[in-house]
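# Residue-level structure breakdown
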Amino acid sequence: MKRLSRAICITLVSATALAAAMPAAAQSVPNAPTGPVETQYYANGAYATTQTRSTVACDSKGNQCDVFYPTNIASLNTRLPLVLWANGTGSTADNYPNWLKHLASWGFVVVATRDQQTGYGNTVLDSLAYMQAQDTNPASPFYQRIDFAHVGAAGHSQGASGAANAMFHSGGVIKTTVTFELPNQNWCNPADNCLLTPTLTGGSGSIFYVSGTADSLIAPDTQSGGTQLNSQTAWYNATPSTMLKAKGLLKGANHNDITGTPGCGLLGFLKACANGVYGYLGYPTAWLAWQLKGDAVAGGAFKTGTGEFFTANAWQGRVSNIP
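Residues numbered from 1 in each chain as written. Predicted model: local features only at pLDDT ≥ 70, side-chain atom pairs only at ≥ 80, totals over all residues. Heavy atoms only, no water.

## Let's talk about the overall build of the protein
In plain terms, the rule: Labels follow the DSSP assignment, with helices taken as runs of H or I lasting at least four residues and strands as runs of E lasting at least two, numbered in each case from the N terminus. Three exposure classes are used, based on accessible area relative to the maximum for each residue type with a 1.4 Å probe and protein chains only: buried under 20%, partly exposed in between, and exposed over 50%. Note on definitions: a residue-residue contact is assigned when non-hydrogen atoms from the two residues lie within 4.5 Å. Working definition of accessibility: Shrake-Rupley area with a 1.4 Å probe, residue cover restricted to the visible protein chains.
When you go through the protein residue by residue, the secondary structure sums to ten helices and nine strands. In the protein, which comprises 323 residues, the share counted as buried stands at 57%. Within the protein, contacts between residues separated by at least 24 positions form 72% of all contacts whose residues are at least 6 apart in sequence. Accessible area of the protein: about 12000 Å², with a carbon and sulfur share of 55%.

Rendered as structure tokens:
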């Protein structure tokens, strides 16, 4: 995504330096949760987490994989759902530490190829195959620990395209996708490094489109004209009604807030972060807990028009077809 990379560089140059932000009580941070479901999943889950890196290549490009998981996975009496993470342009899991550890704390195993060009989704699917092999390897900490009936994907920017492409090309193995700042199709060069309209409209699964109100360049909410899908609203509207789908924009968040650690201090500034990862912790985690772990209360938050999501203070531009 060469054009997308240049856009991010422009954003970096124009970013304003922000003071370092440490984790704080929910009421004192940007985009704090206001409802019980968002508050529940905004907090870290019950599991201490471990991060490891594969000693061999895990994808067809020769990249290693990072895996985030509950530290006590070997002693658990259940298989855990798997989330495949897709990096944004020029990024690795190193750019998303708080978000990925947060997911693992809620009992997900998260695998992220270190590919920095994930838009096609092929290396995301390679990371799935890597974990399938780990599940059958008695020497692996993931031996017989993964629930492959409950696999999801998520990704940021170009990786949002990669996560969605992986789902639609997985033959139904990947059940759901959360896209953070899915780029409008104007930025896709070549075009198929994004999610193509025919792939989307012929797909199945479920999808939660997440963006920020300050990301008006790469993932805006309002269509800029033309026939391409150049807004989050256009992506949502083009998604088949047979798929469960939702969309929302986090107030004040820009293209790179998902990289917050969790605030925006020096590292956040270098990544053009505005508020930090805070607001992204609640509802995206709740969506995955609903779709992959069967939390019906979390799913109820997305019920069209009446669910908790539709009254959350930090969100706008909300729509869903959840009955």
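## Brief notes about the nonpolar core
Note the threshold: Here, nonpolar core means buried Ala, Val, Leu, Ile, Met, Phe, Trp, Tyr and Cys residues that are tied together by side-chain atoms lying within 4.5 Å of each other.
Formed by 47 residues in total, the largest nonpolar core has its most connected members in Trp85, Trp99, Phe180, Phe208, Trp287 and Phe302. Where this core is concerned, the elements lending two or more residues are helix 2 (36–42), strand 3 (80–86), helix 3 (97–105), strand 4 (109–113), strand 6 (174–180), strand 7 (206–212), strand 8 (244–250) and helix 9 (282–293). Looking at this core element by element, the count peaks at seven residues for helix 9.

## Quick word on the state of the cysteines
What counts, and what does not: When the sulfur atoms of two cysteines come within 2.5 Å, that pair is taken as a disulfide.
Using the criterion set out here, one finds three disulfides in the structure. Here Cys188 pairs with Cys194 through a disulfide, and the sulfurs are 1.5 Å apart. Here the disulfide of Cys188 and Cys194 is left-handed, its torsion about the S-S bond being about -65°. Under the relative-accessibility criterion, Cys188 is labelled buried at 9%. Overall, Cys194 belongs to the buried group, its relative accessible area being 1%. In the protein, numbering the disulfide-bonded cysteines from first to last in sequence yields the connectivity 1-2, 3-4, 5-6.

## Let's talk about the sheet that holds strand 5 (residues 146–156)
We count it as follows: Paired strands, as defined in this entry, are two strands with at least two bridges between them according to DSSP. Each axis is a line fitted through C-alpha atoms, taken for helices only over the stretch in contact, and angles between the N-to-C directions span 0 to 180 degrees.
Read across the open sheet, the nine strands follow the order 1-2-4-3-5-6-7-8-9; overall the sheet is mixed. Of all the strands in the sheet, just strand 1 (49–53) and strand 9 (315–320) have a single pairing partner and so form its edges. The mean inter-strand angle of the sheet, taken between neighbouring strand axes irrespective of direction, is 15°. Alignment of strand 1 against strand 2 (residues 65–70), held across five bridges, turns out to be antiparallel. Bridge pairing in strand 2 links Thr50 to Tyr69. Its contacts with the sheet put helix 3 on strand 1, strand 2, strand 3, strand 4 and strand 6, and the angle it makes with strand 2 is roughly 40°. The strands touched by helix 9 within the sheet are strand 3, strand 5, strand 6, strand 7, strand 8 and strand 9, with strand 6 carrying the most contacts at an inclination of about 175°.

## Topic: the packing of aromatic side chains
Selection criterion: Aromatic contacts are taken between Phe, Tyr and Trp rings whose centres are within 6.5 Å, Trp giving its six-membered ring; a plane angle under 30 degrees counts as stacked, one over 60 as edge-to-face, and the others as tilted. In our convention, an over-ring charge means Lys NZ or Arg CZ found within 6 Å of a ring centre and within 35 degrees of that ring's normal.
According to the stated counting rule, one finds 18 aromatic pairs in the structure shown. Cluster of aromatic residues (ring-pair linked, three or more members): Phe208, Tyr283, Trp287, Trp290, Phe302, Phe309, Phe310 and Trp315. One Lys or Arg, Lys245, reaches over the ring of Tyr236 and ends 4.4 Å from the middle of that ring. The lysine or arginine in question, Lys293, covers the ring of Phe108, its NZ or CZ lying 5.2 Å from the ring centre.

## What to know about helix 9
Keep this limit in mind: A helix is expected to span 1.5 Å for every residue after the first.
Along its twelve residues, helix 9 runs 15 Å from first to last C-alpha, staying within 8% of the 16 Å computed at 1.5 Å per residue. The element helix 9 is extensively covered by neighbouring structure, given that eleven of its twelve residues are classed as buried.

## With respect to the pattern of salt bridges
Selection rule: In the sections that follow, a salt bridge refers to a side-chain nitrogen of Lys or Arg positioned within 4 Å of a carboxyl oxygen of Asp or Glu.
Following the criterion strictly, the structure yields seven salt bridges and no others. Measuring nitrogen to oxygen at the nearest pair gives 2.8 Å for the salt bridge that ties Arg53 to Asp66. Of this pair, Arg53 sits in strand 1 while Asp66 sits in strand 2, placing them 13 residues apart in sequence. Residue Arg53 is classed as partly exposed on the basis of its relative accessible area of 36%. Its relative accessible area of 0% is what places Asp66 among the buried residues. Note that Arg79 and Asp135 form a salt bridge whose closest N and O atoms lie 3.0 Å from each other. Of this pair, Arg79 sits in the loop between strand 2 and strand 3 while Asp135 sits in helix 4 (residues 122–135), placing them 56 residues apart in sequence. With relative accessibility at 8%, the residue Asp135 sits in the buried group. When salt bridges with common partners are traced through the structure, they connect Arg53, Asp66, Asp94 and Arg114 into a single cluster.

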